[in-house]
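Now for the letters of each chain:
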Number of protein chains: 2
Amino acid sequence: MSESPAKVAIDAMGGDYAPQEIVKGAVQAAEKDGVELMLVGREDAIQRELKKYDVSGLPIRVVNAGEVIREGESPVAALRQKVDASVLVAMRLVKEGAADAVVSMGHTGAVMVSAIGILGKLEGISQPTAGTALVGLAPNTVVFDLGPNADCKPRDLLSFAVIGAAVARKVLHIGNPTVALLSNGAEEGKGNLLVKKACPLFKQSNFNFIGNVEGNDILSGKVNVIVCDGFTGNILLKFCEGLGESIIERLRVSLDKRLPREELDAIVSDVFALTHIADVIGGGMIYGVNGVVWIGHGRAKAAQVAESIRQIKLVVEANLLEEIRSGLGML
Amino acid sequence: MSESPAKVAIDAMGGDYAPQEIVKGAVQAAEKDGVELMLVGREDAIQRELKKYDVSGLPIRVVNAGEVIREGESPVAALRQKVDASVLVAMRLVKEGAADAVVSMGHTGAVMVSAIGILGKLEGISQPTAGTALVGLAPNTVVFDLGPNADCKPRDLLSFAVIGAAVARKVLHIGNPTVALLSNGAEEGKGNLLVKKACPLFKQSNFNFIGNVEGNDILSGKVNVIVCDGFTGNILLKFCEGLGESIIERLRVSLDKRLPREELDAIVSDVFALTHIADVIGGGMIYGVNGVVWIGHGRAKAAQVAESIRQIKLVVEANLLEEIRSGLGML
């Protein structure tokens, strides 16, 4: 974006362990990553947390916001009543150009609604999307959509591909990322109606489109951007986590007493990390809004908060938003 | 079905290793499982294989069929030209009541087309379906549809539930199997349009319907019958296999030199088996046709052929077809 450090607004009040773990993670990130941080929330509560650390000289400032949206609240109603909610104040900092990005571990619906409401959707996007590498075993294969869009039109799949390709280029540094449609068969003509309708649009597009791929190709490394509807994507994501956990249970039994405890733990942690990418990175971006927004897991602790800030800093520095905007403009 | 042994017609010419491995597997099954077998295909070729074993007293007979459908042939055209194809002759044995079931490791499309053409679809079925426990880690959770039906109507999902519940009762011996819709969220109201439309139909049905479940519940053991469209099911199946293989690769590296070779192999084989259920059992049934039909993998060898025959014998003895027919009648 520019040579000056990325400026990230953090919703210090959002998340199960807010503000303690949020502030702690922010301090870690500020120490390591050369970002400018704005901690948004109740000033007294945030200052109380900051006092626990040596923050002298760190680029952290506090932006007061009097209210918080809690889990379980209806996001639309809550945001209407609580105009001074920390997540809204953080979004406004981006809207006004004071910050480059928002990180929130708060109420997912509230972050989504406030991002759309305040920042707006990018031209060409019907609904914001989420995506990432689905498994750590294939880090150069991102899958979009992983949840928000249960029902898609062929055109939505094209917009996911724009976003996925931009992520592959700008974040993963893949020059000419390959793009494929996730399907129930690799042959042309295979697919559900959505895939069949989308296929000709992809063939006419400027993507490096390689056709259909199957479920195992999420791991094969054969393609950089896999596009699917969010119903399928969400089920895959949860299944991946579930399968990882089940295999871990099995390994704990089969490796018990065959390996020293710490070696077994290391192997188990590795399988967990490979199958729980969202846990490892602590959340994910919302793509398709007119700003850089990270929704973290509510249960995120300091390490994940710091990692989220590091991720979002890379995204800001890579100018990903501009890449997406220009890709959508060419559709 | 009756007190007499199950009578199974085997397409001895279908599969990559036909007739050698098919005949070998059939002999193994006849020795162990108390089934009556009809080996259908070129009599001279089958007899040549049978001579390799001591089959005196075994309930095996050969039914001549002069032609074979090969991989790569268009099934509809091939079946029209080759009226004496082994798969057709086998289906006719069921149609005429001479056999209770067909097992074929041949051309999948040809088995499907000939089953529909000769045996017909059951009343209430728009397309035949396939399903099984998706992972060995949750053997009491069957998933339908796993492939044939990429696009489904709500009513199709009901018919899959009938079939899945019948399998749970008759094959898995679960008294009152629970049924759920696979969705992108457990809460009522979550889902794509198909799930949202299907949900009220399931609530009105006689199923022990517990609502929506998520991708991880395929492994959690929370529900016995999970219903989804075949697009999602096929992608999950392939992803499961791919993830299993990737974790195996990883374990081979991380456990190398930490365990004796044979212990490592045993652990790897276990993970493979848990994530490749179709490989382990060598194929699966087609449900929804008016007969018991097993489509095995083309690459099946004798052990899988024998296992397929054992599975199909259980299905015949459990009177599964009648259970499905009566369930469909109550929809």
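Residues numbered from 1 in each chain as written. Chains lettered and ligands numbered in written order. Predicted model: local features only at pLDDT ≥ 70, side-chain atom pairs only at ≥ 80, totals over all residues.

A. A look at the interface of chain A and chain B. Between chain A and chain B, the residue contacts involve 40 residues of the former and 40 residues of the latter. It is helix H9 (residues 230-255) of chain A that provides the largest number of residues to the side of chain A that touches chain B, a total of 17 residues. Split by residue class, the side of chain A that touches chain B holds 19 nonpolar, 13 polar and eight charged. (Contact = placed C-beta atoms within 7 Å. Helix = DSSP H or I, 4+ residues; strand = E, 2+ residues; numbered from the N terminus. Nonpolar A, V, L, I, M, F, W, Y, C, P; charged D, E, K, R; others polar.)

B. Molecular detail of the packing of helix H4 (residues 86-95) of chain A against helix H5 (residues 108-119) of chain A. Residues and elements named next belong to chain A. One way to put it is that H4 packs onto H5 with a least axis distance of 9 Å and a crossing angle of 35°. In terms of crossing hand, the pair formed by H4 and H5 is right-handed. Residue-level inspection shows Val87, Leu88, Met91, Arg92, Val94 and Lys95 of H4 in contact with H5, the latter providing Ala110, Val111, Ser114, Ala115, Ile118 and Leu119. Considered class by class, the residues forming the contact of H4 with H5 number nine nonpolar, one polar and two charged. (Axes fitted to C-alpha atoms, helices over the stretch in contact; angles between N-to-C directions. Left-handed = near helix turned anticlockwise from the far one by under 90°.)

C. Looking closely at the sheet that holds strand E11 (residues 292-296) of chain A. Residue and element names in this part refer to chain A. With respect to topology, six strands assemble into an open sheet ordered E3-E2-E1-E4-E11-E10, the strand pairing being mixed. The sheet terminates laterally at strand E3 (60-64) and strand E10 (283-286), the two strands that pair on one side only. Taken over all neighbouring pairs, the strand axes of this sheet differ in orientation by 25° on average, direction set aside. Two elements, E10 and E11, share four bridges in a ladder whose sense is antiparallel. Residue pairing across strands places Gly283 opposite Gly296, the latter belonging to E11. The sheet contacts of helix H1 (residues 20-33) involve strand E1 (7-11), strand E2 (36-41) and E3, and relative to E2 the element is tilted by about 170°. (Pairing = 2+ DSSP bridges.)

D. Main features of the relation of the copies chain A and chain B. Structural alignment of chain A on chain B gives an RMSD of 0.0 Å, achieved by rotating through 180° and translating 0.0 Å along the axis. In the structure described here, the two chain copies are related by an operation that fits a two-fold rotation axis. Among all C-alpha atoms of chain A, that of Thr232 of chain A lies closest to the rotation axis, at 3.0 Å. When you check the interface residues of chain A against chain B, 100% turn up at the interface there too, and the contact is symmetric in its surfaces. (Least-squares fit on C-alpha atoms with pLDDT ≥ 70 in both.)

E. Quick look at the domain arrangement of chain A. All names here are of chain A. Domain annotation for chain A reports domain 1 (7-125 + 288-329) and domain 2 (131-277). The C-alpha-based centres of domain 1 and domain 2 are spaced at 27 Å. The interface of domain 1 with domain 2 comprises twelve residues on the first partner and nine residues on the second. At the level of secondary structure, the elements contributing two or more residues to the side of domain 1 that touches domain 2 comprise helix H12 (302-317) and helix H13 (320-329). With five residues, the top contributor of residues to the side of domain 1 that touches domain 2 is H13. (Domains from an automatic or database assignment.)

F. Spatial organisation of the sheet that holds strand E7 (residues 178-182) of chain B. All names here are of chain B. As summarised here, the arrangement of the five strands in space is E5-E6-E9-E7-E8, forming an open sheet in which the pairing is mixed. For this open sheet the edge positions go to strand E5 (131-133) and strand E8 (208-213), each flanked by a neighbour on one side alone. The sheet shows a mean angle of 25° between the axes of neighbouring strands, direction not considered. Note that E7 and E8 share five bridges and pair parallel. The residue bridging Leu182 from the neighbouring strand is Val213, located in E8. Sheet strands in contact with helix H6 (residues 154-170) are E5, strand E6 (142-144), E7 and strand E9 (225-227), and its direction is about 160° off that of E9.

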